[in-house]
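What the coordinates show
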Amino acid sequence: MSSADTASVLVLRGPRLPDGRTVDVRLAAGRIAAVGTPGSLTPAGTAPAAVTVDLSGYLLLPAPAEPHAHHDTALTAPGAGPPAAQVTGPPADDPACLQRRITEAALLQLGHGATAQRSHIGIGDLAGLTALQAALRARRALLGLTDLSVAPVPRLLTGRAGADGRALLRDAAKMGAATLGGAPDLDPDPAGYLDELLRTADEYGCALDLHTEGDDPGRLTRLASAAAGLRAGVALGPCTGLARMPAGTAARTAERLAAAGVTVVALPQSPCALLPGDVPRGTTPVRLLRAAGVAVAAGSGALRDAANPVGRGDPLEAAYLLSSAGQTSPEEAYAAVSTHARAALGLPPLRIEAGFPAELLAVRGTDLPGALSLAYSRVVIHRGRIVSRTSAVREFCGAAPPPDTPGLPRQSPR
């Protein structure tokens, strides 16, 4: 651990901002204390533990957030997770194993820059609240590194088969789950499932975060009407079914979601295991939703589990995919994994200005499109402290070029 990791005051020297300015940034007490021209801010005299960090050659961004993870199933694909656990480890649903995997998944995403994360956690069936209890223990262990929130997801809520799910959902709210998850498409009575979820959320003052393909305009309209009366926010996704509706129906449905303040979370990297396997896969119609005024966030979904064995859980990859598919500009794509993702989690906005929370990501590069394309080297700052560093150096090897050819770079930072 270096002094920069524990300093009470950090001065970030020479990073470039997305608007093209090169600045110095002073961080103190978990917030941005000052932003000035290069060389104008010094740690001297500010605090005994003040440290300067050279970020020349880096682009400084508000930190991204992860609005849609599944840490309880992460790293369960064949070959995923620590090698020792693959050979001799306990069953995947063992409480200690669950906590370890949830923690590792959160740290992987932190290394990519996500200083705030929401993980959907399955409850019910034979495991009951085991995974939720493991996630809450992991959340406490990760304090100071990343802010992990959980959204318990019952599989069934209606009829006699859903009795346990209804009881466990209330127990989860009492345990401190500020957001309730749900997958109405998996219940035999999706409308009844939604009614039960809305009642519980209203009773305990919880936000809602739903998995749905969103291919039923009547159900989405009903949800929008109910969401307007909830005290907390409502997010749902990936809503790829909107893209299969007639254009007029999809546009009217999107307008109702916008009027109700519902956030749609796209999953450009992959689907997740809580969506029906027989539903045609597609992409979230981001352009349509944005045109209607819907706030669109983007999440990672699966992280090396059965739904996506190669999932990376990288917010910048989610932004890259949105932009490269022509759904948004690079700036709008990054806002989906930062500004809108944080809003979906109920977190305050971020700006690189004095007074705002010191939640930052520095990536090697000079502009945002370049960062989304090749952002290997990263410095992650949470609550004013450096909590993760990733450094990459690319080397070119081989025979020396002929004397009469221009010199080629042999090493470049990435």
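The paragraphs below set out a description of the structure included in this document.

Calculation notes
- Residues numbered from 1 in each chain as written.
- Predicted model: local features only at pLDDT ≥ 70, side-chain atom pairs only at ≥ 80, totals over all residues.
- Heavy atoms only, no water.
- Helix = DSSP H or I, 4+ residues; strand = E, 2+ residues; numbered from the N terminus.
- Expected span 1.5 Å × (residues − 1).
- Buried < 20%, exposed > 50% of the residue type's maximum accessible area, 1.4 Å probe, protein only.
- Axes fitted to C-alpha atoms, helices over the stretch in contact; angles between N-to-C directions.
- Parallel < 35°, antiparallel > 145°, perpendicular 65-115°, else oblique.
- Left-handed = near helix turned anticlockwise from the far one by under 90°.
- Contact = heavy atoms within 4.5 Å.
- Salt bridge = Lys/Arg side-chain N within 4 Å of Asp/Glu carboxyl O.
- Core = buried A, V, L, I, M, F, W, Y, C linked by side-chain atoms within 4.5 Å.
- Pairing = 2+ DSSP bridges.

Turning next to helix H3 (residues 95-112). When the terminal C-alpha atoms of H3 are compared, their 26 Å separation across 18 residues agrees well with the 26 Å that a helix rising 1.5 Å per residue should span. Among all positions in H3, only Cys-97, Leu-98, Arg-101, Ile-102, Thr-103, Ala-105, Ala-106, Gln-109, Leu-110, Gly-111 and His-112 are buried. Where H3 ends, the next residue or the one after it, Gly-113, has phi of about 125°, a positive value.

Turning our attention to the packing of helix H7 (residues 217-227) against helix H8 (residues 247-259). The interhelical angle for the contact between H7 and H8, taken along N-to-C directions, is 15°, at an axis separation of 9 Å. If you check the angle between H7 and H8, you find them roughly parallel. Here the hand of the crossing between H7 and H8 comes out left-handed. The segment H7 lies against H8, with Pro-217, Leu-220, Thr-221 and Ala-224 engaging Thr-249, Thr-253, Arg-256 and Leu-257.

Here the focus is the pattern of salt bridges. Counted according to the given criterion, the structure contains 16 salt bridges. The salt bridge involving Arg-219 is made with Asp-185; its shortest N-O contact spans 3.1 Å. You can see Arg-219 sitting in helix H7 and its partner Asp-185 sitting in the loop between strand S9 (179-182) and helix H6 (190-204), a full 34 residues away along the chain. Within this structure, Arg-170, Glu-196, Arg-199 and Glu-203 form a network of salt bridges that share partners.

Ranked by size, the top nonpolar core spans 55 residues in total, and within it Leu-180, Leu-197, Leu-208, Tyr-334 and Val-363 carry the most contacts. Per-element tally for this core: the top contributor is H6, with five residues. Ignoring any residue separated from it by four or fewer positions in sequence, one finds Leu-180 in contact with Ala-151, Pro-152, Leu-169, Ala-173, Leu-197, Thr-200, Ala-201, Cys-206, Ala-207, Leu-208 and Asp-209. In this structure, Leu-12, Val-53, Leu-55 and Ile-352 belong to the second largest nonpolar core, which totals 19 residues.

So, on to the environment of Val-11. Of note, Val-11 is situated in strand S1 (residues 9-16). In sequence terms Val-11 and Asp-24 are 13 residues apart; their C-alpha atoms lie 6.8 Å from each other.

What follows concerns the sheet that holds strand S7 (residues 116-123). Sheet architecture is open: three strands sit in the order S6-S7-S8, paired in parallel fashion. Either end of the sheet is taken by a strand with one partner, and the two such strands are strand S6 (66-69) and strand S8 (147-154). The mean inter-strand angle of the sheet, taken between neighbouring strand axes irrespective of direction, is 25°. In this sheet, S8 lies alongside S7 in parallel orientation, the contact comprising eight bridges. Among the inter-strand pairings, Ala-116 is bridged to a residue of S8, identified as Asp-147. Contacts from helix H5 (residues 163-174) reach S7 and S8 within the one sheet, and its direction differs from that of S8 by about 160°.

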